[in-house]
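Commentary on secondary and tertiary structure
Next come the chains, spelled out residue by residue.
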Amino acid sequence: MIKNKTRSASDKASEKTISPEAAAAGRRAENQEVAELPVKGFDYIEFYVGNAKQARYYYEHGLGFEVVGYKGLETGERHTTSYALRQNNITIVLTSALSPDHEVAEHVRKHGDGVRSIGLKVDDARQCYEIAIERGAVSVYEPRVQTDDFGIFVSAAVKTYGDTIHTFVQRKDYDGNIAPGYKLVNSWSGGVGLGTVDHVVGNVESGKMMEWVRFYENIFGFRVFQGFDASDISTQYSALTSRVMANRSGTIKMPINEPAPGEKKSQIQEYLDFYSAPGVQHIAMSTKNIIATVSQLKERGIEFLSVPRAYYESLKERVGLIDEDIEALSRLGILVDRESKGYLLQIFTKPVEDRPTLFFEIIQRKEGASGFGKGNFLALFESLEREQNQRGNL
Ligand code: FE2
């Protein structure tokens, strides 16, 4: 039997803000609280891809990003090609290798296209890097100072799960578009209303989630904002466990998922099998008008997970009064969840690569909603499983 979870919202989740494991994890005791690294928010997210030129077209014409920078052979960069794209406060960089023995090529060979770096905006990259290293983080590269006509740009990077890294990005004294070395190129502009990176989700191996919870607690000083267990997130077949790591100001939210035992293969395990490692599962991007944004994305050919019509028949009962037209939500397949404070609307794309790995979420938070759509987990996961089954991976 599929467990029936009609209890809506993330109400219950707040009770689990500090789970027993988290409480026991590392230096959570009051007198040993780890000072939080002063991270202001997400900076750019860099993808390593097989063909940046063609990936650019998808992000530009499909998802509504504008190209704000390019570097490659024409700019004197001999080893890689990168396109930087932006939509409001979201910046992504697409990088591919120009030779087979480059680390970017190796990353793509192993993982397919995927996220390499989750950039973190800071005022002092050197300070954050040094504190992180002192607390046990593994270095990817030491603070690097770059200058051009637009000012001074400083970055440094440490490892996180799998081959994924966090880059500390200091651009407070830099007025350029992205970073030194990039030149501006003409772009087909036309945003769809995506505003900020709301959260970035990582998938890790079974039994490893709490290690990464401790990593973010002990190195970054982040806390467990919410937790979800198999009882919250399971269907007949597959399950997962999740902890949302966040900074105090709420500008950084990074859920960490691991597979939980089920009758069949967890969607998280499917990801791990095809990505060949832990990595970023999805990036949620906010909008102030999800109906307009998703309508445009669909017109541009972006594919989303579908939701059975029955979901909308009980929607009003479940979420009460909302501003949006339920018929429009149903037509587009947008999910809704009521929380103790406000409500949220969300929809998920299908994986955006051939491998069933990375996908995107479009999310609109209303009246202060801060959760992750717990009331939608069942409908969402059943939809995911239908797709997983079609791929022969359930
Ligand atoms: Fe999400």
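Residues numbered from 1 in each chain as written. Predicted model: local features only at pLDDT ≥ 70, side-chain atom pairs only at ≥ 80, totals over all residues. Heavy atoms only, no water.

As a measure of interface size, the accessible area lost when the parts come together is often cited. Segmentation of the protein into domains returns domain 1 (16-187) and domain 2 (194-391). Placing the centre of domain 1 and that of domain 2 at their C-alpha centroids yields a distance of 22 Å. Interface of domain 1 and domain 2: buried area, both sides summed, is about 4,400 Å²; carbon and sulfur atoms make up 61% of it. Our enumeration of links across domain 1 and domain 2 arrives at two salt bridges. (Domains from an automatic or database assignment. Buried area = accessible area lost by both parts, 1.4 Å probe. Salt bridge = Lys/Arg side-chain N within 4 Å of Asp/Glu carboxyl O.)

Relative to strand β7 (residues 151-159), strand β6 (residues 139-148) is paired through seven bridges, and the arrangement is antiparallel. Looking at the pairing, Ser-139 lines up with Val-158 of β7. The turn linking β6 back onto β7 is made up of two residues. (Pairing = 2+ DSSP bridges. Helix = DSSP H or I, 4+ residues; strand = E, 2+ residues; numbered from the N terminus.)

So, on to the coordination of the iron ion. Six octahedral donors around a metal ideally subtend angles of 90 or 180 degrees, whereas four tetrahedral donors ideally subtend 109.5 degrees. In this structure, His-199 (NE2), His-282 (NE2) and Glu-361 (OE) serve as the protein donors to the iron ion, at separations of 2.0 to 2.2 Å. Written as a sequence motif, the donor residues of the iron ion are H-x82-H-x78-E. On the criterion of sequence distance, the pair formed by His-282 in strand β13 (residues 279-287) and Glu-361 in strand β16 (residues 359-366) is long-range, its members being 79 residues apart. Relative accessible area serves as the criterion here: at 8%, His-282 is assigned to the buried category. (Donors = N, O, S within 2.8 Å, 3.2 Å for Na, K, Ca; no water. Buried < 20%, exposed > 50% of the residue type's maximum accessible area, 1.4 Å probe, protein only.)

Generally, phi is negative for residues other than glycine and the peptide bonds are trans, each holding for most cases. Residues other than glycine seldom take positive phi values, yet Ser-276 does so here, at roughly 65°. For Ser-276, a relative accessible area of 38% translates into the label partly exposed. For Glu-367, which is not a glycine, the phi torsion comes out positive at approximately 55°. Checked against the element boundaries, Glu-367 lands in the loop between β16 and α11 (377-390).

Tallying each qualifying case throughout the model produces four cavities of 30 Å³ or more. Estimated volume of the largest cavity: approximately 250 Å³. As for the largest cavity, its lining consists of 21 residues, of which Asn-257, Gln-281, His-282, Phe-377 and Phe-381 are closest to the centre. Counting residues per element, the ones that place at least two in the lining of the largest cavity are β9 (194-203), β11 (239-246), β12 (253-260), β13, β15 (343-348), β16 and α11. Here the element with the most residues in the lining of the largest cavity is α11; it accounts for four residues. In terms of residue class, the lining of the largest cavity is made up of twelve nonpolar, eight polar and one charged. (1 Å grid on protein atoms, 1.4 Å probe; cavity = no way out; pocket = protein on both sides within 12 Å on 5 of 7 lines; lining within 4 Å. Points joined across faces, edges and corners; volume = space filled by probe spheres on them. Nonpolar A, V, L, I, M, F, W, Y, C, P; charged D, E, K, R; others polar.)

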